Amino acid sequence: MTTLSNRQHHLDEKFDSDVSNVEYSNRLFVRLVAKGKRFENVDFKYTIFDTCYLRNCVFESCDFTGCRFIGTSFYGASFSGCKFDYAVFERTIIDSHILEIGCPGYENLKLRFARTLRMNFQSQGDSKAANKAIKVELDATESHLFKAWKSKESYYRKKYKGFKRIKVFSEWLAFKTMDLIWGNGESALKLVRSIVIFLALMSLFDVFSFSDPKKLSSYWTSFSSMPSVFLGTLSPQHYSESYLAFVVFIRLVAIGFFISIIIKRFNRR
(Lines give C-alpha, C1' and ligand atoms only; values in the text may rest on other atoms or scores of the structure.)
Protein backbone atom coordinates (compact mmCIF):
# COMPACT_ATOMS: atom_id res chain seq x y z
CA MET A 1 0.00 0.00 0.00
CA THR A 2 1.10 3.53 -0.69
CA THR A 3 0.05 6.94 0.53
CA LEU A 4 0.51 10.42 -0.86
CA SER A 5 3.85 12.01 -0.02
CA ASN A 6 2.19 15.45 0.10
CA ARG A 7 5.02 16.93 -1.95
CA GLN A 8 4.33 20.62 -2.53
CA HIS A 9 4.82 21.94 -6.07
CA HIS A 10 6.27 25.37 -6.83
CA LEU A 11 6.13 26.44 -10.48
CA ASP A 12 7.78 29.56 -11.91
CA GLU A 13 8.52 31.17 -8.56
CA LYS A 14 11.46 33.25 -7.36
CA PHE A 15 13.10 34.32 -4.11
CA ASP A 16 13.02 38.09 -3.65
CA SER A 17 15.04 38.14 -0.41
CA ASP A 18 17.51 36.15 1.66
CA VAL A 19 16.21 33.04 3.43
CA SER A 20 17.24 31.60 6.79
CA ASN A 21 15.97 28.94 9.20
CA VAL A 22 13.15 27.82 6.89
CA GLU A 23 11.99 24.34 5.91
CA TYR A 24 11.53 23.53 2.22
CA SER A 25 11.73 19.74 2.47
CA ASN A 26 9.91 17.37 0.11
CA ARG A 27 9.18 20.09 -2.44
CA LEU A 28 9.25 20.27 -6.22
CA PHE A 29 10.71 23.49 -7.58
CA VAL A 30 10.21 23.92 -11.32
CA ARG A 31 11.92 26.91 -12.98
CA LEU A 32 12.72 28.45 -9.60
CA VAL A 33 14.75 31.68 -9.84
CA ALA A 34 17.09 33.26 -7.30
CA LYS A 35 20.00 35.57 -8.03
CA GLY A 36 22.54 36.77 -5.50
CA LYS A 37 20.46 35.56 -2.54
CA ARG A 38 21.72 34.02 0.69
CA PHE A 39 20.28 30.78 2.10
CA GLU A 40 21.26 29.96 5.66
CA ASN A 41 20.20 26.89 7.69
CA VAL A 42 17.53 26.01 5.13
CA ASP A 43 16.14 22.47 5.12
CA PHE A 44 15.82 21.25 1.49
CA LYS A 45 15.73 17.50 2.28
CA TYR A 46 14.24 15.28 -0.48
CA THR A 47 13.46 18.28 -2.68
CA ILE A 48 13.60 18.21 -6.49
CA PHE A 49 15.07 21.18 -8.35
CA ASP A 50 13.99 21.02 -12.00
CA THR A 51 15.30 23.59 -14.50
CA CYS A 52 16.08 26.09 -11.74
CA TYR A 53 18.31 29.17 -11.95
CA LEU A 54 20.20 29.90 -8.74
CA ARG A 55 23.01 32.16 -9.86
CA ASN A 56 25.57 33.70 -7.48
CA CYS A 57 23.63 32.44 -4.47
CA VAL A 58 25.28 31.62 -1.14
CA PHE A 59 24.24 28.43 0.66
CA GLU A 60 25.43 28.13 4.23
CA SER A 61 24.66 25.12 6.48
CA CYS A 62 21.81 23.98 4.22
CA ASP A 63 20.58 20.39 4.14
CA PHE A 64 20.30 18.91 0.63
CA THR A 65 19.94 15.28 1.76
CA GLY A 66 18.25 13.17 -0.91
CA CYS A 67 17.83 16.14 -3.27
CA ARG A 68 17.70 15.78 -7.04
CA PHE A 69 19.04 18.54 -9.26
CA ILE A 70 17.92 18.36 -12.90
CA GLY A 71 19.00 20.93 -15.47
CA THR A 72 19.70 23.42 -12.69
CA SER A 73 22.24 26.26 -12.82
CA PHE A 74 24.35 27.03 -9.75
CA TYR A 75 26.61 29.31 -11.78
CA GLY A 76 28.71 31.41 -9.37
CA ALA A 77 27.03 29.84 -6.32
CA SER A 78 29.01 28.95 -3.21
CA PHE A 79 28.38 26.34 -0.53
CA SER A 80 29.60 26.20 3.05
CA GLY A 81 28.82 23.49 5.59
CA CYS A 82 26.03 22.01 3.46
CA LYS A 83 24.93 18.37 3.54
CA PHE A 84 24.62 16.45 0.26
CA ASP A 85 24.02 12.85 1.41
CA TYR A 86 22.27 10.83 -1.36
CA ALA A 87 22.02 13.92 -3.61
CA VAL A 88 21.83 13.37 -7.39
CA PHE A 89 22.98 15.78 -10.10
CA GLU A 90 21.84 15.65 -13.73
CA ARG A 91 22.81 18.22 -16.38
CA THR A 92 23.46 20.69 -13.57
CA ILE A 93 25.94 23.56 -13.74
CA ILE A 94 27.91 23.58 -10.51
CA ASP A 95 31.54 24.38 -9.71
CA SER A 96 33.84 21.39 -9.14
CA HIS A 97 34.94 23.06 -5.88
CA ILE A 98 31.92 21.31 -4.36
CA LEU A 99 34.05 18.15 -4.37
CA GLU A 100 36.41 19.79 -1.88
CA ILE A 101 33.88 21.22 0.58
CA GLY A 102 30.64 19.29 0.07
CA CYS A 103 31.50 15.58 0.20
CA PRO A 104 29.57 13.46 2.74
CA GLY A 105 31.51 12.06 5.67
CA TYR A 106 30.97 8.34 5.09
CA GLU A 107 33.10 6.85 2.32
CA ASN A 108 30.24 4.94 0.66
CA LEU A 109 28.18 8.14 0.44
CA LYS A 110 31.23 10.10 -0.67
CA LEU A 111 31.90 7.79 -3.62
CA ARG A 112 28.24 7.97 -4.71
CA PHE A 113 28.36 11.75 -4.44
CA ALA A 114 31.54 11.90 -6.53
CA ARG A 115 30.10 9.41 -9.03
CA THR A 116 26.92 11.38 -9.70
CA LEU A 117 28.97 14.57 -10.10
CA ARG A 118 31.41 12.78 -12.41
CA MET A 119 28.54 11.67 -14.67
CA ASN A 120 27.08 15.18 -14.47
CA PHE A 121 30.37 16.79 -15.53
CA GLN A 122 30.90 14.25 -18.30
CA SER A 123 27.45 15.01 -19.76
CA GLN A 124 28.57 18.64 -20.09
CA GLY A 125 31.97 17.79 -21.56
CA ASP A 126 33.85 19.26 -18.58
CA SER A 127 36.79 16.85 -18.65
CA LYS A 128 38.80 18.68 -15.96
CA ALA A 129 35.95 18.54 -13.43
CA ALA A 130 35.18 14.92 -14.41
CA ASN A 131 38.80 13.91 -13.75
CA LYS A 132 38.65 15.64 -10.38
CA ALA A 133 35.46 13.74 -9.51
CA ILE A 134 37.03 10.45 -10.59
CA LYS A 135 39.97 10.98 -8.26
CA VAL A 136 37.63 11.62 -5.33
CA GLU A 137 35.54 8.59 -6.30
CA LEU A 138 38.56 6.28 -6.49
CA ASP A 139 39.98 7.53 -3.17
CA ALA A 140 36.60 7.04 -1.48
CA THR A 141 36.18 3.59 -3.01
CA GLU A 142 39.59 2.47 -1.75
CA SER A 143 38.89 3.81 1.73
CA HIS A 144 35.42 2.25 1.83
CA LEU A 145 36.63 -1.21 0.73
CA PHE A 146 39.51 -1.09 3.21
CA LYS A 147 37.27 -0.15 6.12
CA ALA A 148 34.68 -2.73 5.07
CA TRP A 149 37.07 -5.62 5.84
CA LYS A 150 39.54 -4.00 8.25
CA SER A 151 37.81 -1.32 10.33
CA LYS A 152 36.47 -2.09 13.81
CA GLU A 153 33.71 0.52 13.48
CA SER A 154 30.32 -0.90 14.41
CA TYR A 155 28.74 0.10 11.07
CA TYR A 156 31.19 -1.96 9.02
CA ARG A 157 31.35 -4.91 11.40
CA LYS A 158 27.56 -5.17 11.46
CA LYS A 159 27.13 -4.86 7.70
CA TYR A 160 30.17 -6.87 6.57
CA LYS A 161 30.73 -10.10 8.43
CA GLY A 162 31.50 -13.69 7.56
CA PHE A 163 31.52 -14.36 3.82
CA LYS A 164 30.68 -10.72 3.01
CA ARG A 165 33.86 -9.62 4.77
CA ILE A 166 35.93 -12.11 2.75
CA LYS A 167 34.25 -10.97 -0.46
CA VAL A 168 34.89 -7.28 0.19
CA PHE A 169 38.53 -8.11 1.06
CA SER A 170 38.94 -9.72 -2.37
CA GLU A 171 37.36 -6.63 -3.95
CA TRP A 172 39.80 -4.38 -2.06
CA LEU A 173 42.74 -6.56 -3.11
CA ALA A 174 41.67 -6.46 -6.76
CA PHE A 175 41.15 -2.68 -6.53
CA LYS A 176 44.63 -2.13 -5.07
CA THR A 177 46.21 -4.41 -7.67
CA MET A 178 44.57 -2.56 -10.54
CA ASP A 179 45.55 0.73 -8.92
CA LEU A 180 49.21 -0.30 -8.82
CA ILE A 181 49.15 -1.56 -12.42
CA TRP A 182 47.34 1.29 -14.16
CA GLY A 183 45.62 3.47 -11.60
CA ASN A 184 42.27 1.74 -12.22
CA GLY A 185 42.24 3.05 -15.77
CA GLU A 186 43.22 6.61 -14.90
CA SER A 187 47.02 6.72 -14.91
CA ALA A 188 49.19 6.21 -17.99
CA LEU A 189 52.27 6.85 -15.83
CA LYS A 190 51.45 3.90 -13.57
CA LEU A 191 51.00 1.72 -16.65
CA VAL A 192 54.43 2.79 -17.96
CA ARG A 193 55.90 2.06 -14.53
CA SER A 194 54.36 -1.42 -14.57
CA ILE A 195 55.82 -2.09 -18.01
CA VAL A 196 59.28 -0.97 -16.85
CA ILE A 197 59.03 -3.29 -13.83
CA PHE A 198 58.03 -6.15 -16.13
CA LEU A 199 61.02 -5.41 -18.38
CA ALA A 200 63.28 -5.49 -15.32
CA LEU A 201 61.87 -8.88 -14.33
CA MET A 202 62.43 -10.13 -17.87
CA SER A 203 66.03 -8.91 -17.64
CA LEU A 204 66.60 -10.75 -14.35
CA PHE A 205 65.18 -13.93 -15.86
CA ASP A 206 67.45 -13.56 -18.88
CA VAL A 207 70.58 -12.88 -16.82
CA PHE A 208 70.09 -15.68 -14.33
CA SER A 209 69.09 -18.17 -17.03
CA PHE A 210 71.41 -17.38 -19.94
CA SER A 211 74.12 -14.93 -18.76
CA ASP A 212 76.59 -14.37 -15.95
CA PRO A 213 74.83 -12.87 -12.87
CA LYS A 214 78.20 -11.82 -11.43
CA LYS A 215 78.84 -9.27 -14.18
CA LEU A 216 77.06 -5.91 -13.96
CA SER A 217 77.33 -5.50 -17.72
CA SER A 218 75.08 -8.54 -18.15
CA TYR A 219 72.20 -6.73 -16.49
CA TRP A 220 72.47 -3.62 -18.67
CA THR A 221 72.93 -5.61 -21.87
CA SER A 222 69.92 -7.73 -21.05
CA PHE A 223 67.72 -4.79 -20.03
CA SER A 224 68.56 -2.83 -23.19
CA SER A 225 67.36 -5.74 -25.35
CA MET A 226 64.14 -6.42 -23.41
CA PRO A 227 62.03 -3.68 -25.10
CA SER A 228 62.64 -5.39 -28.45
CA VAL A 229 61.65 -8.75 -26.98
CA PHE A 230 58.57 -7.22 -25.34
CA LEU A 231 57.46 -5.54 -28.58
CA GLY A 232 58.07 -8.72 -30.58
CA THR A 233 60.77 -7.36 -32.89
CA LEU A 234 63.31 -9.74 -31.33
CA SER A 235 62.69 -13.42 -30.52
CA PRO A 236 65.84 -15.07 -29.13
CA GLN A 237 66.12 -18.73 -30.00
CA HIS A 238 67.02 -19.72 -26.45
CA TYR A 239 63.60 -18.59 -25.17
CA SER A 240 60.89 -21.24 -25.01
CA GLU A 241 57.66 -20.82 -26.96
CA SER A 242 55.63 -20.76 -23.76
CA TYR A 243 57.74 -17.89 -22.38
CA LEU A 244 57.41 -15.87 -25.59
CA ALA A 245 53.66 -16.53 -25.60
CA PHE A 246 53.46 -15.20 -22.04
CA VAL A 247 55.34 -12.04 -23.09
CA VAL A 248 52.94 -11.57 -26.02
CA PHE A 249 49.98 -11.94 -23.64
CA ILE A 250 51.36 -9.27 -21.29
CA ARG A 251 52.05 -6.99 -24.28
CA LEU A 252 48.48 -7.32 -25.54
CA VAL A 253 47.08 -6.62 -22.08
CA ALA A 254 49.31 -3.53 -21.73
CA ILE A 255 48.24 -2.25 -25.15
CA GLY A 256 44.59 -2.85 -24.23
CA PHE A 257 45.03 -0.89 -20.99
CA PHE A 258 46.75 1.97 -22.82
CA ILE A 259 44.02 2.19 -25.48
CA SER A 260 41.38 2.14 -22.74
CA ILE A 261 43.03 5.11 -21.01
CA ILE A 262 43.22 7.06 -24.28
CA ILE A 263 39.57 6.33 -25.15
CA LYS A 264 38.42 7.43 -21.69
CA ARG A 265 40.32 10.70 -22.03
CA PHE A 266 38.82 11.47 -25.43
CA ASN A 267 35.31 10.43 -24.36
CA ARG A 268 35.36 13.07 -21.61
CA ARG A 269 35.97 15.69 -24.25
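Residues numbered from 1 in each chain as written. Predicted model: local features only at pLDDT ≥ 70, side-chain atom pairs only at ≥ 80, totals over all residues. Heavy atoms only, no water.

Caption draft 1: Quick look at the overall build of the protein. Within the protein, the secondary structure is distributed over eight helices and eleven strands. Computed over the C-alpha atoms, the radius of gyration of the protein is 26 Å, more than 25% above the 18 Å expected from 2.2 N^0.38 for a compact globule of 269 residues. Projected onto its principal axes, the C-alpha positions of the protein cover 80 × 45 × 35 Å. When contacts within the protein are restricted to residue pairs at least 6 apart in sequence, long-range pairs at least 24 apart make up 26% of them. Surface accessibility of the protein: about 15,800 Å² in total, with carbon and sulfur atoms responsible for 59%. Treating the 39 positive side-chain charges of the protein as one cloud and the 26 negative ones as another, the clouds have centres 5 Å apart. (Helix = DSSP H or I, 4+ residues; strand = E, 2+ residues; numbered from the N terminus. Rg over C-alpha atoms; globule rule 2.2 N^0.38 Å. Contact = heavy atoms within 4.5 Å. Areas by Shrake-Rupley, 256 points an atom, 1.4 Å probe, with all protein chains shown as cover. Lys, Arg positive; Asp, Glu negative; His and termini not counted. Charge placed at Lys NZ, Arg CZ, Asp CG, Glu CD.)

Caption draft 2: Spotlight on the nonpolar core. Counting residues in each nonpolar core, the largest one holds 36 residues, and the members touching the most others are Phe39, Phe44, Phe49, Phe59, Phe64, Phe79 and Phe84. When residues of this core are traced back to their parent elements, those giving at least two are α1 (98–101), α2 (107–123) and α3 (127–150). Setting aside its immediate chain neighbours within four residues, Phe79 contacts Phe59, Phe64, Phe74, Phe84, Ile94, Ile98 and Ile101. Counting residues in hydrophobic clusters, the runner-up holds ten residues, among them Met226, Val229, Tyr239 and Tyr243. (Core = buried A, V, L, I, M, F, W, Y, C linked by side-chain atoms within 4.5 Å. Buried < 20%, exposed > 50% of the residue type's maximum accessible area, 1.4 Å probe, protein only.)

Caption draft 3: The packing of helix α5 (residues 163–182) against helix α6 (residues 188–210), seen in detail. One can describe the packing of α5 onto α6 by two numbers: an axis separation of 5 Å at closest approach and a directional angle of 85°. One element, α5, and the other, α6, form an angle in the roughly perpendicular class. Contact with α5, carried on its side by Asp179, Leu180, Ile181 and Trp182, involves Lys190, Leu191, Arg193 and Ser194 of α6 and no other residues of that element. Counted by class, the contact of α5 with α6 contains four nonpolar, one polar and three charged residues. (Axes fitted to C-alpha atoms, helices over the stretch in contact; angles between N-to-C directions. Parallel < 35°, antiparallel > 145°, perpendicular 65-115°, else oblique. Nonpolar A, V, L, I, M, F, W, Y, C, P; charged D, E, K, R; others polar.)

Caption draft 4: Geometry of the pairing of strand β3 (residues 27–30). Residue alternation in β3 divides its side chains into two sets, Arg27 and Phe29 and Leu28 and Val30, and both sets are buried. Where strand β1 (residues 8–11) meets β3, four bridges bridge the pair, whose relative direction is parallel. Across the sheet, residue His10 finds its bridge partner in β3, namely Phe29. One ladder, built from three bridges, connects β3 with strand β6 (residues 48–50); its direction is parallel. Note that in β6 the partner of Leu28 across the bridge is Ile48. (Pairing = 2+ DSSP bridges.)

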